[in-house]
Amino acid sequence: MTARTSLASWQALHAHARQMKQQHMNDLFAADARRFDKFSIQLPSLLLDYSKNLITEQTMQQLLALAQDCDISGWREKMFTGEAINRTENRAVLHTPLRNRSKTPLELDGENITLQVEQTLAKMKNFSDKVRQGHWKGYSDKRITDVVNIGVGGSNLGPQTVTEALKQYSDNSLNVHYVSNVDGAQIAEVLRPLNPEKVLFIVSSKTFTTTETMTNAATAVKWLVSASFDEQAVAKHFIAVTASRDNAKAFGIAAENIFDMWDWVGGRFSLWSAIGLPVALDLGFKQFIELLEGAHEMDRHFRQAPLADNAPVMLALLSIWNCTFLGAQSQAILPYDQSLHMLSAYLQQAEMESNGKSVTWHGEPVSYPTVPSIWGELGINGQHAFYQYLHQSNNIVPADFIGSVESITPVRGHHETLMANFFAQTQALMSGVDEAQVRADLATKDRQQDYIDKVAPHKVHKGNRPTNTILMERITPKTLGSLIALYEHKIFVQGIILQICSFDQWGVELGKGLASKIQHQLETDETAAGHDSSTAGLISYYKKMTSKAG
Ligand SMILES: O=P(O)(O)OC[C@H]1O[C@](O)(CO)[C@@H](O)[C@@H]1O
């Protein structure tokens, strides 16, 4: 297969990038009154405006040529039809059938995937209805009031991001809590106010081997049994979501309390599977289905829209343009809607665990930057914290601004203030203000010349900082489903163009292995052998201090 760098479209983009670095977006906007119309895409759930990027029509044509050379359409079909595109693990990548509300039949290795998905959804419906309606009883025959999801990474971030985003849609039948950190402080804090008789634990782990999750789950079992004095209580208070029934059963979860997921669903793409059960418990099954419908709507757009009008494809191409060709190293996710306060953490895992890699599909070193580091915060909080850096540092940080036309929780006067900032920031990042303007402005304020000379350079904003604006109609289960699926497909397209294996995560294994060896050394008298002097020194110091404290 041709290396990306030897494609004519790739080389042409490099040459074009050199020219574009000399351009300013202000001039591009001045030269073309139709820039917004040309560089925006309107979908039922959202509007994507990407006109505030350092692009021209030629840039977009060249990026689309690259997408075609990389056979995005072909790879997209391979994903949707279940080819084993997760090469290193030889697995299909099938999060899309989890939300295929058209229920299009799909077979994989002789198994009817659609049927398996529908059966699990039916089990989720029965279970969530039963718990929400108070028919599922704890060991002392009391109804469940609190649900604690124990899981980490993809088994936590998806459902928690959605639960937080859709709080306003909950009827508060149940309180849903999340425990992900193995720092005992978190589980202790979550359990402290809860009544064991009324708590249901969901142990969510695709592998059912993740140390942090298993440690938290074991603590939860002890907490329950020490209150109920009955090992049998576990069957009424613990359920599991996993691709490993055997591991869940070995842990002590009753077979009928296990919800299946499958190896063809990646952890960070698993929100749509039974991993989303806390969402169904919190909001009701109907709203969980609406979330799936929103994602399915985006799947259809991604699969059917021509590449030039395809929102996920555009987001991916622009990220590659900004990072691989123009040299940006990080990207900010800046939601202005309070409900999306966990979105940047969610997308951090989705993009960085997928594409933060440095060898190609063929195991050769990649010779170009792959994906940026993803970070972010609610926009308004960011404005009063790190936006200084976005506006005036020497590093260019492309940013996605995400806001809603309508607030879910309208409070008179607030939304306009919020959205005025939302629109102002992308404008300021794009247009900036040059020294002549700064000086003219200070002069109109009757400032002394020596003050103007001193301050003017500090007030210059170079502008020309790329942003995408995603304007949602309103955050609902459906539009949120679409938004998340938009980014999932963006990540897929990035991976194909950059020739990265997006669906494995070998990079998390090395640390896991070392931690288990070190844990043994912490818990026993074994000396901290087999480490570099820094790690050995730290472990010895820790052991000395804990033995003093003990
Ligand atoms: O669901 P599991 O198997 O507990 O894994 C949790 C998370 O851990 C990771 O494997 C990374 O350590 C993620 O990919 C995954 O989402």
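The numbering scheme is per chain: residues are counted from 1 as the chain's sequence reads. Per-residue local features are limited, in this predicted model, to residues with pLDDT of at least 70; the limit for side-chain atom pairs, both in listing and counting, is 80 or more; totals at the level of whole chains, interfaces and linings are taken over all residues. Note that the side-chain values use all heavy atoms of the structure and ignore hydrogens as well as water.

An unreviewed UniProt entry lists the chain under the name Glucose-6-phosphate isomerase, from Thalassomonas viridans. UniProt positions are given in the numbering used here, feature names are shortened, and annotations may be inferred rather than shown by experiment. Recorded in UniProt for the chain, the comment headed Sequence similarities (unreviewed entry) runs: "Belongs to the GPI family." Listed under Catalytic activity (unreviewed entry) in UniProt, the entry text for the chain is "alpha-D-glucose 6-phosphate = beta-D-fructose 6-phosphate".

Undergrad: Describe the side chain of S155, listing the residues and the values that go with them.
TA: Relative to the helices and strands, S155 is located in the loop between strand 5 (146-150) and helix 7 (157-165). On the basis of relative accessibility, which here comes to 9%, the residue S155 falls in the buried class. Throughout, a residue-residue contact means that at least one pair of heavy atoms, one from each residue, lies within 4.5 Å. Apart from residues no more than four positions distant in its own chain, S155 is found in contact with N149, S204, S205, K206 and I275. A run of H or I in DSSP becomes a helix once it reaches four residues, and a run of E becomes a strand once it reaches two; helices and strands are each numbered from the N terminus. Each residue's exposure class comes from its accessible area (1.4 Å probe, protein chains only) as a fraction of the maximum for that residue type: buried when under 20%, exposed when over 50%, partly exposed otherwise.

Undergrad: Any chance you could break down the site of the ligand for me, citing the residues and the numbers?
TA: Around the ligand, the structure places 14 residues, and the nearest of them are G154, S155, S205, T207 and T210. Between the ligand and S155, the relevant distance is 2.6 Å, taken from an oxygen atom to a side-chain nitrogen or oxygen of the residue. For the purposes of these results, a polar contact is taken to be a pair of N or O atoms within 3.5 Å, where, inside protein, one atom must be able to donate a hydrogen and its partner to accept one; residues adjacent in sequence count only when each atom of the pair is a side-chain atom. Here Q349 contributes a side-chain N or O atom positioned 3.4 Å from an oxygen atom of the ligand. Taken by itself the ligand offers 390 Å² of open surface, and the protein chains cover 88% of this. Polar here means any residue outside two lists: the nonpolar Ala, Val, Leu, Ile, Met, Phe, Trp, Tyr, Cys and Pro, and the charged Asp, Glu, Lys and Arg; Gly therefore counts as polar. For the shell around the ligand, the per-class residue count stands at two nonpolar, nine polar and three charged. A cutoff of 4 Å decides nearness: a residue is near a molecule or strand if any of its heavy atoms lies inside that distance of it. Computed by Shrake-Rupley with a 1.4 Å probe, the accessible areas treat only the displayed protein chains as cover when residues are assessed.

Undergrad: Explain the sheet that holds strand 8 (residues 238-242) to me, using residue names and the numbers behind them.
TA: Backbone-to-backbone hydrogen bonds pair the strands of a sheet. The strands run either parallel or antiparallel. If you walk across this open sheet you meet the five strands as 6-5-7-8-9, and the pairing is parallel. In this open sheet, the two strands that pair with only one neighbour each are strand 6 (175-179) and strand 9 (258-260). The sheet shows a mean angle of 20° between the axes of neighbouring strands, direction not considered. Any two strands between which DSSP finds at least two bridges are classified as paired. When strand 8 meets strand 9, the two strands line up parallel, connected through three bridges. Within strand 9, the residue paired with T242 across the bridge is D260. The strands touched by helix 9 (residues 211-228) within the sheet are strand 5, strand 6, strand 7 (199-204) and strand 8, with strand 7 carrying the most contacts at an inclination of about 160°. The angle between two axes is taken between their N-to-C directions and runs from 0 to 180 degrees, where each axis is a line fitted to C-alpha atoms and a helix contributes only its stretch in contact.

Undergrad: For the packing of aromatic side chains, give the residues involved together with the corresponding values.
TA: Stacked, tilted and edge-to-face are the three classes applied to pairs of Phe, Tyr and Trp rings, where Trp contributes its six-membered ring and a pair requires centres within 6.5 Å; stacked means planes under 30 degrees apart, edge-to-face means over 60, and tilted covers the rest. Taken as a whole, this structure holds 22 aromatic pairs when the rule is applied. Ring centres of F201 and F238 lie 4.7 Å apart, and the angle between their planes is 20°; this geometry places the pair in the stacked category. Residue F201 is located in strand 7, and its partner F238 is located in strand 8; the two are separated by 37 residues in the primary sequence. When sorted by exposure, F201 lands in the same class as F238, which is buried. Ring centres 5.7 Å apart and planes at 20° place the aromatic pair Y336 and F401 in the stacked group. Of this pair, Y336 sits in the loop between strand 10 (330-335) and helix 15 (343-355) while F401 sits in strand 12 (residues 399-404), placing them 65 residues apart in sequence. In this pair, the class of Y336 matches that of F401, namely buried.

Undergrad: Quick rundown of the nonpolar core? Include the residues and the values.
TA: As used in this record, nonpolar core signifies buried Ala, Val, Leu, Ile, Met, Phe, Trp, Tyr and Cys residues forming a set joined through side-chain atoms within 4.5 Å. Core analysis: the biggest nonpolar cluster contains 118 residues, and W264, I470 and L483 have the highest contact counts within it. In this structure, W264 is in contact with A92, V93, L94, H95, L98, L108, I113, Q116 and V117, ignoring residues within four places of it in sequence. Counting 24 residues, the second largest nonpolar core, distinct from the first, contains I150, V203, V221 and V225.

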